[in-house]
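Reading the structure
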Amino acid sequence: VQPDASGAAWGRESRLDEGRGPSPARGGRDVVTQFLVRRFLFAIVVLLVDVLLVFSLLHLTPGDPALLIVGGERGGVGGLEAIRQQLGLDRPFHEQFLSYLGGLVRGDMGRSFFSQQPVFEMLASRLPMTLQLAAVSLLIAIVIGVPTGIFAALKRNTAWDQGFMLIALFGVSMPGFWLALVLMLVFSVTLGWFPLVGYVSPAQDVGAWLRHITLPAVAIGFAQSALIARMARSSLLEVLRQDYVALTAKAKGLSPAVIVLKHALANAALPLVTVIGLSFAALIGGVVIIEEVFALPGVGSLLINAVSRRDYFVIMGCLVLIAAANVLMNLLVDVSYAVIDPRVRYD
Amino acid sequence: VRRSRFSSWIAGASLLLAALSGIAGAQDEPKYGGTFTFAVATTPPSLDWHATSAKAVQLYGGMYIWESLFALDEALLPRPMLVEDWEVGADGLEWTFTLRQGVPFHNGKEMTSEDVVASMERWLAVSPMASTMERVERVEAVDDYTVRFVLSEPLAPLPYLLAAETAQAVIMPKELAEGAGPGALTEFIGTGPYRLVEWVTDRSITLDRFEDYAARDEDWGGVAGRKDAYLDTIVFRSIPESEVRLAGLETGEFQASQPLPADYFDALERAPNAEPVIVEFDLKPVIYFSMEGIMSDPLMRKAIRAAIDAEEVMFAATGDERFYDLNPDQLWYRFQAFWSDTGAEVYNQADPELAMQLAREAGYDGQPIRFLASSTQYHHRQPAIIIAEQLQDAGFNITFDLRDWPTVSQLQNTDPTAWDFTYIRTGLMMPSEIEFVRLFGFDSPETQEALEVIFEEVEFEALFEAMEEFKREVIVEQVPWYTFGDMFALRGVTTDVRGLQDLYSHPLWGVWLE
């Protein structure tokens, strides 16, 4: 299941025609409200479909949680029925699903089969770290990616352009875990500047937090920056070819800096915002490998471990969270279009 | 009173781990304090030791938090832990245990017989190993410090079973044990030398010294006897990447890492602040045969056995010849008292011609043979690939079914028609565990007979002879499984660590930092 795919699909469909109807700036608040309500209802439908699909797939996948609880590597020996009964796995599929859905509506996401911790608490304790990692990674990606993309666009078809785009290609193609291990080897083992693994909350110690989160954020951010740089370059090139930039702005005698920063960049921002917004959503559940390498207690590592032991409610909880993050980011991206581009209409 | 008779059969078993358990740096004076961070591949998803047989529950939490009535010493023999003394009735049907007095739980309450009764009742209800004690009819409190086990039939290895480390029958406060179903413990309170401070699922387990711990005086090694908690804090960290487990030793963030791939041995030798330790005890690679299809014929099982080159498989499993022992005994490690070379003639035959001859006698004419193995478990994938290749080369038509561990585990346990033979890792620590040959459907009258002897017999010599008979009749002739050899593990430790035993379970009491 790719919650982002479904979210992105209907996000694009409802995306906004240009040049018709009242703009929000001109008193279209009702239209905006209708749009938001419609999107919210869509979001609920998407989440419900997600829950049903994932729940069904989990129950169709071989692997018995009860067996894995008693089992260990040497295999199960006994006491399985008692555990299945206690976990509710002996009930028919539809009963299990309705019971889960009922709990979900009441805000009860169930408990881990293994640790007996409430899934909500597990997610609540993991989410802040994942959000911080995603935010810092994205910040690094934007700081590196946007200026690089602009520079490459302005110097298009020069050695600079080709050099930067080659680095970007390298960044997109390079496996994240490999970069993570190289960063560790250089900056932790050899230079000793950063701790190798682990996480400290910023509430405890901001300096320690920064030292712990920098390497994983760079490992993720570098690949993302490559994507953003390529997107920034191509969007900007597209705009720079338009008549209002290529002819009008120059004819008005505007300086190249004003042309790029005030006129071209603002118009090239839409695809960039889309990429950045969806990247953030993808990072909520998509930093699994980096979380594993740096032994970070995030949502991604929670999910991967839960899958490996068929901890159904934890898997469900993680996927509901990831799906919700994708739906929310799609919505925010769409809403942000109106802020960036006044021609956008909410029909 | 049969205590002395029981002691005699365990006393006969004395050839064991002594060579492995030399205590490093004994000349140094122990120091209190410090945090010891142990990097492991994965911390357990549950800490309910009663209800799960996962080794990680014991190694990374359980054995520090809790204690049982008995514990295994460095030679894998049971020694009293929470028990002071014990007696066995003349008919062998009543065991009376006198508990140690003044042993506090981490919540401050003193352990008494009501806690033992409640804990044993919970264990009998939720433990995957409960069937080993199905002869226990009831456990009752005689007085505050005396507990009686009433049996339906004699159960000679009871102290052994109480010390067994798989889903151990640990003692917890009555209030927590009562009514807690499998996996439903809400608090983790025991009498052990360390108490649980924090548990981040799949990431870390943090334990602090229990200042009021009531230590025994005896120095028995292993996980038995005296436990000196020198370290203030122990942290087990789940570090899935082995490269990172190694790197953390070099940066000093970890004091020990295990498991490590054998090919890190040289890197550890070169590291200025860390060193390698070969731990000569790990689970053994083994294949089990399904009794539902083509492998139900013992001739076919003998044919597969004949084709296997065990040395090649062990090398694939470890990657280094220092990390395995071509042990012909299909049951016991070489250091165990029951070890013998009975059956050596059918071990590591590597004879494809004999294999095909036996297969033809069994009527085999090229039908597919399904080999089920895990792609995700440590030390499973590589040896399984080699086994499949060897059998294919010998002329068997092997269908290699490589899946993730949960799927493999379910198929092994619930659907013996879905595979013909399967790979797993196991290791027997006590006589009653020969029952493991029956794990996936194999059984025979001779196996039943051997188990009966184990449950009744207290004399070591008679027990040894019964094991030999079992090897000749069942292991050699009926081939319930095939073990490839003994596997060793690599541990890395920093050079400031003192007192760490070279035991597979690496207890961290008695350990200090220089």
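Since the structure is predicted, the reported quantities are computational estimates derived from the model, not experimental observations.

Description of the overall build of chain B
In terms of helices and strands, chain B carries 14 helices and 22 strands. Taking 514 residues into account, the globule formula puts the C-alpha radius of gyration at 24 Å, and chain B, at 23 Å, falls close to it. Projected onto its principal axes, the C-alpha coordinates of chain B cover approximately 70 × 60 × 40 Å. Taken over 514 residues, chain B has a buried fraction of 63%. When the accessible surface of chain B is totalled, it reaches about 17500 Å², and 46% of it is carbon and sulfur. Mean positive and mean negative side-chain charge positions of chain B (38 and 85 charges, respectively) differ by 2 Å.

Considering a negative patch on the surface
Residue and element names in this part refer to chain B. Residues E311, E312, E321, E389 and D393 make up a contiguous surface patch of negative charge. Of all the secondary structure elements, the ones that give two or more residues to the negative patch are helix 9 (310-318) and helix 11 (381-394). The topology assignment puts D393 in helix 11.

Focus on the confidence of the model for chain B
Residues and elements named next belong to chain B. Scored by pLDDT, chain B has a mean of 89; 94% of the residues are at 70 or more. Highest mean pLDDT in chain B belongs to helix 8 (residues 298-307) (97); lowest belongs to helix 1 (residues 3-11) (40). Every residue in residues 1-26 is under pLDDT 50, and counting partners more than four places away or in other chains gives 61 contacts.

Some remarks on the side chain of R209 of chain B
All names here are of chain B. You can see R209 is positioned in strand 9 (residues 204-209). According to the relative accessible area criterion, R209 is buried, its value standing at 16%. A distance of 3.3 Å separates the side chain of R209 from the side chain of E211, its partner in a polar contact. A polar contact is formed between the side chain of R209 and the backbone oxygen of Y230, at a distance of 2.9 Å.

Notes on the pairing of strand 13 (residues 284-289) of chain B
All names here are of chain B. By the criterion of burial, strand 13 is predominantly enclosed, with six of the six residues buried. Alternating positions in strand 13 separate into two faces, K284, V286 and Y288 on one and P285, I287 and F289 on the other, with burial throughout. Where strand 13 lies against strand 18 (residues 481-483), three bridges are found, and the strand directions are antiparallel. By the bridge assignment for strand 18, V286 is matched with T483.

Regarding the environment of I167 of chain A
Residue position: I167 of chain A is located in helix 7 (residues 159-173). Considering only alpha carbons, one finds I167 of chain A and D90 of chain A, 77 residues apart in sequence, at a separation of 54 Å.

Some words on the sheet that holds strand 18 of chain B
All names here are of chain B. Across the sheet, which stays open at both edges, the five strands sit in the order 16-15-17-13-18 with mixed pairing between neighbours. The sheet is open, and its two borders are formed by strand 16 (397-403) and strand 18, each paired with just one other strand. Strand-to-strand twist in this sheet, taken as the mean axis angle between neighbours without regard to direction, amounts to 25 degrees. Where strand 15 (residues 368-374) lies against strand 17 (residues 421-426), two bridges are found, and the strand directions are parallel. Looking at strand 17, one finds that L372 is bridged to T422.

Regarding the packing of helix 13 (residues 445-456) of chain B against helix 14 (residues 460-478) of chain B
The description of two helices packed together rests on the angle between their axes and the distance between the axes. All names here are of chain B. Between helix 13 and helix 14, whose axes approach to 10 Å, the crossing angle comes to 165 degrees. Regarding the angle of helix 13 to helix 14, the classification is roughly antiparallel. Two packed elements cross with a definite hand, and for helix 13 against helix 14 that hand is left-handed. Contacts between helix 13 and helix 14 involve E446, T447, A450, V453 and I454 on the former and, on the latter, L463, A466, M467, F470, E473, V474 and Q478. A per-class count over the contact of helix 13 with helix 14 returns eight nonpolar, two polar and two charged.

What counts as what
Residues numbered from 1 in each chain as written. Chains lettered and ligands numbered in written order. Predicted model: local features only at pLDDT ≥ 70, side-chain atom pairs only at ≥ 80, totals over all residues. Heavy atoms only, no water. Helix = DSSP H or I, 4+ residues; strand = E, 2+ residues; numbered from the N terminus. Rg over C-alpha atoms; globule rule 2.2 N^0.38 Å. Buried < 20%, exposed > 50% of the residue type's maximum accessible area, 1.4 Å probe, protein only. Areas by Shrake-Rupley, 256 points an atom, 1.4 Å probe, with all protein chains shown as cover. Lys, Arg positive; Asp, Glu negative; His and termini not counted. Charge placed at Lys NZ, Arg CZ, Asp CG, Glu CD. Patch = residues over 30% accessible without salt bridge, like charges linked within 9 Å, V, L, I, M, F, W, Y side chains within 5 Å. Salt bridge = Lys/Arg side-chain N within 4 Å of Asp/Glu carboxyl O. pLDDT = per-residue confidence, 0-100. Contact = heavy atoms within 4.5 Å. Polar contact = N/O pair within 3.5 Å; in protein donor to acceptor, adjacent residues only side chain to side chain. Pairing = 2+ DSSP bridges. Axes fitted to C-alpha atoms, helices over the stretch in contact; angles between N-to-C directions. Parallel < 35°, antiparallel > 145°, perpendicular 65-115°, else oblique. Left-handed = near helix turned anticlockwise from the far one by under 90°. Nonpolar A, V, L, I, M, F, W, Y, C, P; charged D, E, K, R; others polar.

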